[in-house]
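One-letter residues, chain by chain:
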Amino acid sequence: MIRMTEPSKITGVPDHQPAAGGIAARARASVGPKYLSGLNPEQREAVETLDGPVLVLAGAGTGKTRVLTTRIAHILSQGRARPAEILSVTFTNKAAREMKHRLGQMLGHAVEGMPWLGTFHSIGGRILRVHAELAQLKSNFTVLDVDDQVRLLKQLLQAENIDDKRWPARMLAGLIDGWKNRGLMPSQVPSGEAAMFANGKGGKLYTSYQERLKILNAADFGDLLLENIRIFREHPDILRQYQQRFKFILVDEYQDTNVAQYLWLRLLSQAPASPSFASPRLRGEADTRSVAGEGDSPSTELVEAAPHPSPLPVKDGEREKNHVKNICCVGDDDQSIYGWRGAEVDNILRFEHDFPGAKVIRLERNYRSTGHILAAASHLIAHNEGRLGKTLRTEDQDGEKVTVTGSWDSEEEARGIGEEIEQLQRQGEKLNEIAILVRASYQMREFEDRFVTLGLPYRVIGGPRFYERAEIRDALAYLRVINSPADDLAFERIVNTPKRGLGDATVQMLHDHARKRRIPLFEAARAVIETDELKPKARGSLRDLITQFDRWRAQREVTAHTDLAQIVLDESGYTEMWQKDRSADAAGRLENLKELVRSMEEFENLQGFLEHISLVMDREGGAEEDAVSLMTLHSAKGLEFDNVFLPGWEEGLFPSQRTLDEQGRAGLEEERRLGHVGLTRARRRAMIYFATNRRIHGTWSTTIPSRFLDELPAANVEITESKGGSAWGGTGGFGASRFDDMEAFGSSYSTPGWQRAQANRNRGSGGRSGGVEEEAGSFSSSSSPDFGSFSSRRRGPLTIEGELVAKSTGTTSEFALGDRVFHQKFGYGRVSKIDGNKLTIAFDKAGEKKVVDSFVQRA
DNA sequence: TCCAACCCAGTTTTT
DNA sequence: CTGGGTTGGA
């Protein structure tokens, strides 16, 4: 059972990978350990070069994860280090899990867990908990999510009397996050930048934000690394301890590291400096002085500590090779797509400079895509200037050319792709092997509507992650308040959720009280209910809430933490709140809550659960069923599919105008890398689309094809007509030939959705220029008057339509007019019209929609 | 305190 | 055109 979200698909390590080429390699392979067999010479070199800094430039589909895991296995089997002496960092939990999984397979569970294999943040958090007191925290500190962060900043803005309309808390959160990404503590923020926010108050706000965090015993994501860096710099003995512990360091996705992560790695990667041995000054150390002397004049600090665009270069001769630990960074500069989030492509581009004597190994053999796809992707990315340069090659066949298809508008684009997917499905392709990769998430809607109409199963990848969902955060907030009564942010979050009549006024009052007496909100509440400052109603419900919390805390001693969570959710009325909710996603939310409680079992106790949850939780595994995947190009990184659709290649959308405006040439290059990532997701077929007209913010505008289309090599690309026949073996072009195809397929494949698609297709690309007026996701076309002009010309569709009519007059639908139904996407509604298996439903929330009956169930 | 009518702004996302 | 957030009335 392999599903798209399964770890095994994250990076392609195909079974069909040829044996290592080259006589020497083959000879070695025959004598080497078993895990080395099957590696190609470059991969093998990357695995076996254990000493000194190594940069593995691993192009898409070249077996990057395989190299990383095999390298760890090699280190262990060579006895060079014990599991606990290897630091191995990834960006995502998914990647970390995947590595653990593969290591387990490779080593046959011989090695008990790798304690230091994890994400930057989880490892940083772990280290910070050990030395929490050095960051004025307790070891059980809370990791704040974005919501908490923003709420806290809002309060600070209010306290400063800053108009949070003009200076939104979210913006400040972004700024602070950016500073932290760059490794800047409040005192190190360049004054110009600090002044940008709220007329010069930005820096001060950052400072007071940090102070508040300490009081709340909380850290945000940025702190997990930044506080590590601070501790390492201020306490060389502690740093040395970690330097000695980690004999080997491995880094995944190095191209995505930001400055803070870079500094963190740099500090850890230095050979432990023995007191008797004067170690050369490294980049990381140079900064130490400025931070250590925080009271010093700000000017020195600014000069030294504002590493932008990248920290100070290491001067030649500053370091000898044997002072750098065995660090191996794996990455692909051509897949760096997170610059806007603080990632510094520079880190990977400057690796050799930062780590003199570094061995650079290129993995260029691609085991994923066909020749045409690879050529197209390589050509495209070759237009970038800021890159180290790799040329992907494959021993696979050329395969099918990459197709480029123009459509009149985005709706036709969605129709065309929907149709093509059904075509592929007919050819026996699994929907799981089909993906649509969009630049911006708003493009998804059109496809969703289309797929709902067609009854085509699809799944959206990405979107809000599990622990980011409101219901999960609410539930966690309850548990946080139980765990630590001083967690004001959590208390504030749930004090009136579900509604208890404790609104802004009450909360404000509690705040005043708490601030005056310097006590947590919860304690303030306890005090306030003894007074008559609140109206009886509010006072009563606040008292009830506090009594409940006291009871839950008492229960904590005698109840398993999972049971406690269930009790809290039920008794607080939180479960009930969603049970009463009639909106479409209420059921899903209740399901998520169950999942949350279930997931708690993996942890020892409530404390342990809360400490890890914010770092480790991610979205649920998703259904196993066969479905088309719909996601952004960004979330597609690391995945692969046989068939990949790339819609929306238009100037302004892709490359995104905003990125171009804000980042200029660097932005363009990042967009191009995004295109490269998109293309290289495809194993066998890559299909690019562009539309001439697209609705942006509600208004239609004409667009021009993306410049990236011109950058594709003509030899590997085929321009098809608005619904190309040739892509799947037809004669191409429209008119009679395509029509024949339809007739041929009509007999064996005749879902109503498919038939509608045929009708729509003809309407959209043939007769009229638009389709603009058609309501998205509706069935209007199949019964609209102009269908006549279509059917009068040809017999085929008429027959199909005949069947459809015959079907609709029968009593095939299990639904009756006025039935209450539930739809996965639109929620509850009432059937207002029935036409065969097509239902018109007036949804409570989503309005009137037409859907296939198999998509709804009786409510 | 709560809900409904307005108004405005509008990529990409992990931890 | 949508959704989020704010404002105004009950």
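Residues numbered from 1 in each chain as written. Chains lettered and ligands numbered in written order. Predicted model: local features only at pLDDT ≥ 70, side-chain atom pairs only at ≥ 80, totals over all residues. Heavy atoms only, no water.

K.L.:
Got a minute to help me understand the overall build of chain A in this structure?
P.N.:
Scanning chain A for helices and strands turns up 36 helices and 21 strands. For chain A, the residues scored as buried account for 59% of the 859 residues in total. Taking the intrachain contacts of chain A between residues at least 6 apart in sequence as the baseline, contacts between residues at least 24 apart amount to 75%. Split by element, the accessible area of chain A, about 35200 Å² in all, is 52% carbon and sulfur. (Helix = DSSP H or I, 4+ residues; strand = E, 2+ residues; numbered from the N terminus. Buried < 20%, exposed > 50% of the residue type's maximum accessible area, 1.4 Å probe, protein only. Contact = heavy atoms within 4.5 Å. Areas by Shrake-Rupley, 256 points an atom, 1.4 Å probe, with all protein chains shown as cover.)

K.L.:
Honestly, the sheet that holds strand 7 (residues 326–331) in this entry has me stumped. Any pointers?
P.N.:
Strands pair in a sheet through their backbones, by hydrogen bonds, and they do so in one of two ways: parallel or antiparallel. The strand order across the open sheet built from 6 strands is 3-2-6-7-1-8, with neighbouring strands paired in parallel fashion. The open sheet has two edge strands, strand 3 (117–119) and strand 8 (359–363), and neither has a second partner. Across the sheet, the mean angle from the axis of one strand to that of its neighbour is 15°, orientation sign disregarded. The sheet contact formed by strand 2 (residues 86–90) and strand 6 (residues 248–251) spans 4 bridges and is parallel. From the neighbouring strand, Ser 88 faces strand 6, where its bridge partner is Leu 250. Packing against the sheet, helix 5 (residues 120–130) makes contact with strand 2, strand 3 and strand 6, and its axis sits at approximately 105° to strand 3. (Pairing = 2+ DSSP bridges. Axes fitted to C-alpha atoms, helices over the stretch in contact; angles between N-to-C directions.)

K.L.:
When you look at the environment of Ala 538 in this model, what are you seeing that I'm missing?
P.N.:
Positionally, Ala 538 belongs in helix 24 (residues 536–556). Sequence separation of Ala 538 and Ala 586 is 48 residues, and the distance between their C-alpha atoms is 28 Å. In this structure, Ala 538 is in contact with Gly 501, Leu 502 and Thr 506, ignoring residues within four places of it in sequence.

K.L.:
I would appreciate a short explanation of the protein's contact with DNA strand B in the present structure.
P.N.:
In the vicinity of DNA strand B lie 31 residues, with Arg 439, Ser 441, Arg 465, Thr 632 and Thr 659 positioned nearest. The sugar-phosphate share of atoms of DNA strand B within 4 Å of the protein amounts to 49%. Between Asn 93 and DNA strand B, the recorded distance is 2.9 Å, taken from a backbone N or O atom to a phosphate oxygen. For DNA strand B, a phosphate oxygen lies 2.9 Å from a polar atom in the side chain of Thr 506. Of the residues forming the surface near DNA strand B, the biggest block, 4 residues, is contributed by helix 30 (residues 657–680). A breakdown of the residues in the surface near DNA strand B according to their chemical character gives 8 nonpolar, 15 polar and 8 charged. (Near = heavy atom within 4 Å. Polar contact = N/O pair within 3.5 Å; in protein donor to acceptor, adjacent residues only side chain to side chain. Nonpolar A, V, L, I, M, F, W, Y, C, P; charged D, E, K, R; others polar.)

K.L.:
Just checking my understanding: could you explain the confidence of the model for chain A for this structure?
P.N.:
The predicted model of chain A averages 78 in pLDDT, with 75% of residues at 70 or higher. No element of chain A has a lower mean pLDDT than helix 36 (residues 796–809), at 23, and none a higher one than strand 13 (residues 641–646), at 97. In the predicted structure, residues 1–30 sits below a pLDDT of 50 and forms 66 contacts with residues beyond four places in sequence or in another chain. Low pLDDT, under 50, characterises residues 723–812; the predicted model gives this stretch 137 contacts beyond four residues in sequence or across chains. (pLDDT = per-residue confidence, 0-100.)

K.L.:
How should helix 28 (residues 606–616) be read in this particular structure?
P.N.:
Note: α-helices contain 3.6 residues per turn, so residues at a spacing of three or four share the same orientation. Summarising burial for helix 28: 8 of the 11 residues are buried, a large majority. By the burial criterion, the buried members of helix 28 are Leu 606, Gly 608, Phe 609, Leu 610, Glu 611, Ile 613, Ser 614 and Leu 615. A distance of 3.2 Å separates the backbone nitrogen of Gln 607 from a side-chain oxygen at the start of helix 28, and that oxygen is part of Asn 605.

K.L.:
Would you mind showing me how to read the pattern of salt bridges here?
P.N.:
Opposite charge on two side chains permits pairing when their charged atoms draw close. For the structure on display, the rule yields 60 salt bridges. Here Asp 148 ties to Arg 480 by a salt bridge, and the two come within 2.9 Å at their closest N and O atoms. With Asp 148 in helix 6 (residues 146–159) and Arg 480 in helix 20 (residues 470–483), this residue pair connects regions lying 332 residues apart in the sequence. Across the pair, Arg 480 and Asp 148 agree in class, each one buried. The residue Lys 180 makes a salt bridge to Asp 223 at a minimum N-O spacing of 2.7 Å. Residue Lys 180 is found in helix 7 (residues 169–181), and its partner Asp 223 is found in helix 10 (residues 221–234); the two are separated by 43 residues along the sequence. The residues Lys 180 and Asp 223 share a single accessibility class, namely buried. (Salt bridge = Lys/Arg side-chain N within 4 Å of Asp/Glu carboxyl O.)

K.L.:
In this structure, what is going on with the nonpolar core? I would like to understand it.
P.N.:
What tends to happen in soluble globular proteins is that the nonpolar side chains get buried as a cluster. Phe 491, Leu 542, Phe 549, Leu 596 and Phe 609 are the most contacted members of the largest nonpolar core, which totals 49 residues. Ranked by the residues each element gives to this core, the list is headed by helix 20, at 8 residues. Not counting residues within four places of it along the chain, the set of residues in contact with Leu 596 comprises Phe 466, Ile 472, Ala 475, Leu 476, Phe 609 and Met 617. In this structure, Ala 219, Phe 232, Ile 249 and Trp 264 belong to the second largest nonpolar core, which totals 43 residues. (Core = buried A, V, L, I, M, F, W, Y, C linked by side-chain atoms within 4.5 Å.)

K.L.:
Looking at this structure, how should I read the packing of aromatic side chains?
P.N.:
The description of two aromatic rings rests on the distance between their centres and on the angle between their planes. Tallied over the entire structure, the rule returns 25 aromatic pairs. Geometrically, the ring pair formed by Phe 491 and Phe 522 is edge-to-face, given 5.5 Å between the ring centres and 80° between the ring planes. On the criterion of sequence distance, the pair formed by Phe 491 in helix 21 (residues 488–494) and Phe 522 in helix 23 (residues 521–528) is long-range, its members being 31 residues apart. Phe 522 matches Phe 491 in its accessibility class, with the two residues each being buried. Centre to centre, the rings of Phe 645 and Tyr 689 are 6.1 Å apart; their planes meet at 40°, and the pair counts as tilted. Here Tyr 689 lies in strand 14 (residues 682–696) and Phe 645 lies in strand 13, a separation of 44 residues in the sequence. Under the relative-accessibility criterion, Phe 645 is labelled buried at 0%. One cation-aromatic arrangement involves Arg 126 over Trp 116; the distance from NZ or CZ to the ring centre is 3.9 Å. Positioned over the ring face of Phe 355 is Arg 266, at 4.9 Å from the centre of the ring. (Phe/Tyr/Trp six-rings, centres within 6.5 Å; stacked < 30°, edge-to-face > 60°. Lys NZ or Arg CZ within 6 Å of the ring centre and 35° of its normal.)

K.L.:
What should I look at first to understand the protein's contact with DNA strand C in this one?
P.N.:
As a structural note, the neighbourhood of DNA strand C is formed by Lys 165, Arg 445, His 697 and Gly 698. The contact atoms of DNA strand C, taken as those within 4 Å of the protein, divide so that sugar and phosphate hold 54%. For the surface near DNA strand C, a count of residues per class yields no nonpolar, 2 polar and 2 charged.

K.L.:
Sorry if this is basic, but what is going on with the UniProt feature "binding site: ATP" (unreviewed entry) in chain A here?
P.N.:
Sites flagged by UniProt as "binding site: ATP" (unreviewed entry) map to Ala 58, Gly 59, Ala 60, Gly 61, Thr 62, Gly 63, Lys 64 and Thr 65. Residue Lys 64 is classed as buried on the basis of its relative accessible area of 13%. Looking at where Thr 65 falls in the secondary structure, it is placed in helix 3 (residues 64–77). (UniProt positions renumbered as here; feature names shortened; annotations may be inferred.)

K.L.:
Could you clarify how one ought to interpret the packing of helix 20 against helix 27 (residues 586–599) in this entry?
P.N.:
When two helices pack together, their arrangement is given by the angle between the helix axes and by the axis-to-axis distance. At a closest axis distance of 9 Å, the pairing of helix 20 and helix 27 adopts a crossing angle of 45°. Considering the angle they form, helix 20 stands oblique to helix 27. Viewed along their axes, helix 20 and helix 27 form a crossing whose handedness is right-handed. Residues Ala 470, Glu 471, Ile 472, Ala 475 and Leu 476 of helix 20 form the contact with helix 27, whose participating residues are Arg 589, Asn 592, Leu 593 and Leu 596. Counted by class, the contact of helix 20 with helix 27 contains 6 nonpolar, 1 polar and 2 charged residues. (Parallel < 35°, antiparallel > 145°, perpendicular 65-115°, else oblique. Left-handed = near helix turned anticlockwise from the far one by under 90°.)

K.L.:
Got a minute to help me understand helix 25 (residues 561–571) in this structure?
P.N.:
For helix 25, the complete set of buried residues consists of His 561, Thr 562, Leu 564, Ala 565, Val 568 and Leu 569. For helix 25, the angular spread of buried residues about the axis comes to 160°, placing them on one side. Contacts from the buried residues of helix 25 go to helix 20, helix 24, helix 26 (574–580), helix 27 and helix 28. (Arc of directions from axis to C-beta.)

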